[in-house]
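Summary of the model geometry
Single-letter residue listing:
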Amino acid sequence: MDFLQLVHEIGKVAKPMHQDTLEHPDWDTPFNELGYDSLDLLLVGLYICDVYVIPEEVGKTMQVKNCTDLKAFVDQHKTIEPESLEAALAKVV
Amino acid sequence: MYLNDYATACTTQITAFEDILFPQNCHFFPATYAKKDSGLVYAPHRLAEMVLTPQKILRIRENPKKKQAFILAGGNQHFAGINPRKIKDTSLSYVYKFLPFTLTQVYAGRIAQSMGISDLIQTDASACASSLKVMFDVQTLMKYHGFDRVVVLGVEDAVSNSVLEFFGEAKAVLSLEEEKNGVLPSAFDSKNYGFRVGQGAVFAVFESEPQKNTIAALRHSWNASEVSTNAIGQNAAGHGFAKAIAGCVEQGLNTEAITVVKTHGTGTKSNNEAEKAALAGLNNHFVATSYKARIGHTMGASGLLETLLLLENMRNGFVPEIPNRTEDDRVYLSAPVPAPKGLVLSLAAGMGNIYSAAVFEPMGA
C-alpha cells in the first residue's frame, strides 16, 4: 500500500477545507512545511490509529516530524495491515 | 453591508426516530452520522462542509479584503451531541473523541485559517437566535470599525440525543404520536402547531461593496431581551420581539417600508402569541411566512438560513406560505403570494431570553 498516498488522503479528511492546497507528502519534508499544524497532526494521528487499530492511549504518545517518523511509529504499534489503500480509507472517509 | 455570497443546507425530508426517549420525526441528513462509531465524526462538521465548499473557501482566500472577520454562530453549541444523562443508547448515540473541536472557538479558528481570515474570529452561542443575532456583529464591525468583509457560518448539532431529549421532555416538539393523530407542524394556526427539529447550515459573506450577484443589503439589526419569569419562556405580549424591532427603528428603519416578515414561527402557542403581538402595530400591509414547518427548526442556523431561503424565493418571484395552515390567512400566509417590493424583516428568538431582528433590502433580479 502506498503509505504516502494514505497520509495524503487522510490529510484531506483531517483538513477538509484545505483539500485543494494540501501538499502531497514525501518521506522527509516536515509536516509543518506541508501545511499541517499541531491540531492537524493530532487528527491525522487519530485517523491513522483507526486505520491500523493502534490503541488510542498509544496513539497519544505519537511525536513525529515527517512521514518517515510516522511510518516507523505505525510499524512499531500497528495490530493490523490494511489490505489496500481503499480498504484503509473506507474506515475513515 | 452587502450579502454577496451564500450557501444553505437543509432538507424537507423527514426521518422517524422511534428508538429515542421521545420518538419524533426530524429533518435529517443520514450522511452526517455515517461512521459515527469511529469517534472521529462530528455531525455538525459534516453539515458545515455542505456549505463550506472548497470553491467558496478558495474565493475568499484568493480575494482577500483589507479587514476581515469570521463568525461561527453555533446556536446551543454546548449541547455538542452528547447524551449527558445516558438514559439509553439510541441510533444517534456516539462519542466524539475530540471534544475541544466541536463547535468551539478552536473550530472557528481553523475555518478562518482556511479562508485566510485573521483580523477577528469569534463565536456565538445565542441559542436559536444565533445566526440572526450575529447580524448585529456584522453591522457593528462593518459600519463602525472598518471591516470590509465578514463571513458568517451558522450551524448546530440540532438532531442529536441531547437536543431531541430536551425538547421532547419539554413537549416543545411534535411527538410521533401527535403526528400519527393528524397534527402537522405549522405556525399561527388554530389546528396545526409546533415544529420538528431539523439539521441545517448557512454560510454568508457580507462585503462593503455590492457586486453583480448581490442578493441583499443588510440595513438594520438589533437584539433585545424582555422581562421574564422563565428563561426559556416567552412574554405573551411579545416584548422581546417588539424591542428588537424598536431597536431597528431607532437606527432609522421606517416600518412602513417592510412588506415581508420572516417570522421565527415555531408554531408553539407562546411564540404565536408573542410574535403576533409584536407585529400587530408594524403596518397594515405586510405579509408573513415561516420556514420551520418546511425544513424543521434548525436551531442556531435557523435565523439566517431561513432569511436566505426567503430571499431566494423572493428572487424567484414569490413569498411562500406557512405550510399546513388550515384556515385562509392573507397576512400569516396560507397560500403563496407574489413577492412585493420593499424591505424584509427577519425575526428570531432563542432560549435564554434573546430576540433578534434584522432588516434586509432585496437586490438584483
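Everything below is about the structure printed above this text.
Below is a short write-up of the structure. (Residues numbered from 1 in each chain as written. Chains lettered and ligands numbered in written order. Predicted model: local features only at pLDDT ≥ 70, side-chain atom pairs only at ≥ 80, totals over all residues. Heavy atoms only, no water.)

1. A word on the interface of chain B and chain A
- Counting residues at the interface gives 18 residues for chain B and 20 residues for chain A.
- Both faces combined, the contact of chain B with chain A buries some 1,700 Å², and carbon together with sulfur accounts for 61% of it.
- A per-residue breakdown of the area chain B buries against chain A is headed by Leu-40, Phe-98 and Arg-110 of chain B, which together make up 37% of the total.
- Joining chain B to chain A, the criterion identifies three salt bridges.
- In this structure, the salt-bridge partner of Glu-56 of chain A is Lys-97 of chain B, at a minimum N-O distance of 3.5 Å.
- Where chain B touches chain A, the interface holds three residue pairs in polar contact (both at pLDDT 80 or more).
- At the level of elements, α2 (54-62) and α3 (105-115) of chain B are the ones that each hand at least two residues to the side of chain B that touches chain A.
- Split by residue class, the side of chain B that touches chain A holds ten nonpolar, three polar and five charged. (Contact = heavy atoms within 4.5 Å. Buried area = accessible area lost by both parts, 1.4 Å probe. Salt bridge = Lys/Arg side-chain N within 4 Å of Asp/Glu carboxyl O. Polar contact = N/O pair within 3.5 Å; in protein donor to acceptor, adjacent residues only side chain to side chain. Helix = DSSP H or I, 4+ residues; strand = E, 2+ residues; numbered from the N terminus. Nonpolar A, V, L, I, M, F, W, Y, C, P; charged D, E, K, R; others polar.)

2. Quick word on the packing of aromatic side chains
- For the coordinates displayed, the defined rule picks out 15 aromatic pairs over all chains.
- With a centroid separation of 5.5 Å and an interplanar angle of 55 degrees, the aromatic rings of Phe-28 of chain B and Tyr-33 of chain B are classed as tilted.
- Take Tyr-33 of chain B: its relative accessible area is 8%, and that puts it in the buried class.
- With a centroid separation of 5.5 Å and 45 degrees between ring planes, the pair formed by Phe-98 of chain B and Phe-101 of chain B is classed as tilted.
- Accessibility expressed as a relative area gives 10% for Phe-98 of chain B, which makes it buried.
- Through a chain of ring-to-ring contacts, three or more aromatic side chains come together here, namely Phe-17, Phe-28, Tyr-33 and Tyr-94 of chain B.
- The side chain of Lys-71 of chain A reaches across the aromatic face of Phe-3 of chain A, ending 5.7 Å from its centre.
- Lying over the aromatic face of Tyr-332 of chain B, Lys-276 of chain B brings its terminal NZ or CZ to 5.0 Å of the ring centre. (Phe/Tyr/Trp six-rings, centres within 6.5 Å; stacked < 30°, edge-to-face > 60°. Buried < 20%, exposed > 50% of the residue type's maximum accessible area, 1.4 Å probe, protein only. Lys NZ or Arg CZ within 6 Å of the ring centre and 35° of its normal.)

3. Considerations on the sheet that holds strand β8 (residues 201-207) of chain B
Residue and element names in this part refer to chain B.
- With mixed pairing, the ten strands of this open sheet are ordered in space as β5-β4-β6-β8-β1-β9-β15-β14-β10-β11. At either end of the open sheet lies a strand with only one pairing partner, and these are β5 (120-124) and β11 (287-289). Taken pair by pair, the neighbouring strands of this sheet meet at an average axis angle of 25 degrees, ignoring direction.
- Pairing between strand β1 (residues 2-9) and β8: seven bridges, direction antiparallel. Bridging from a neighbouring strand, Thr-8 pairs with Val-202 of β8.
- Helix-sheet contacts for helix α5 (residues 135-144) involve β4 (68-73), β5, β6 (149-155), β8, β9 (216-224) and β15 (354-362), and the interaxial angle to β9 is about 115 degrees.
- The strands touched by helix α11 (residues 302-315) are β1, β6, β8, β9, β10 (258-262), β11, β14 (343-350) and β15; relative to β1, the strand with the most contacts, the crossing angle is about 105 degrees. (Pairing = 2+ DSSP bridges. Axes fitted to C-alpha atoms, helices over the stretch in contact; angles between N-to-C directions.)

4. A short note on the layout of surface pockets
- Reported here for the largest pocket is a volume of approximately 500 Å³.
- Along its surface, the largest pocket is lined by 28 residues, and Val-13, Ala-14, Pro-16 and Tyr-47 of chain A together with Glu-49 of chain B are the ones closest to its centre.
- For the lining of the largest pocket, the secondary structure elements donating two or more residues are α1 (3-14) and α2 (38-52) of chain A together with α1 (43-51) and α3 of chain B.
- Here the lining of the largest pocket takes five residues from α3 of chain B, the largest share from any one element.
- If you add up the space inside the second largest pocket, you get close to 410 Å³.
- For the second largest pocket, the lining is made up of 21 residues, of which Phe-167, Ile-232, Gln-234, Ser-270 and Met-351 of chain B are closest to its centre.
- At the level of secondary structure, the elements contributing two or more residues to the lining of the second largest pocket comprise α6 (161-169), α9 (269-279) and β14 of chain B.
- Tallied by class, residues from the lining of the second largest pocket come to ten nonpolar, eleven polar and no charged. (1 Å grid on protein atoms, 1.4 Å probe; cavity = no way out; pocket = protein on both sides within 12 Å on 5 of 7 lines; lining within 4 Å. Points joined across faces, edges and corners; volume = space filled by probe spheres on them.)

5. A word on the pattern of salt bridges
- Considering all chains together, one arrives at 23 salt bridges over all chains under this definition.
- Put simply, Lys-15 of chain A and Asp-40 of chain A hold a salt bridge, and the shortest N to O gap is 2.7 Å. With a gap of 25 residues between them, Lys-15 of chain A in the loop between α1 and α2 and Asp-40 of chain A in helix α2 connect regions that are remote in the sequence.
- Relative accessible area serves as the criterion here: at 5%, Lys-15 of chain A is assigned to the buried category.
- Taking relative accessible area as the criterion, Asp-40 of chain A reaches 0% and is therefore assigned buried.
- Between Arg-196 of chain B and Glu-179 of chain B there is a salt bridge, and its shortest N-O distance comes to 2.9 Å. Here Glu-179 of chain B lies in helix α7 (residues 176-180) and Arg-196 of chain B lies in the loop between α7 and β7 (197-198), a separation of 17 residues in the sequence. For the residue pair Arg-196 of chain B and Glu-179 of chain B, the accessibility class agrees, reading buried in each case.
- Each of Lys-15, Asp-37 and Asp-40 of chain A together with Arg-110 of chain B takes part in one network of salt bridges that share partners.

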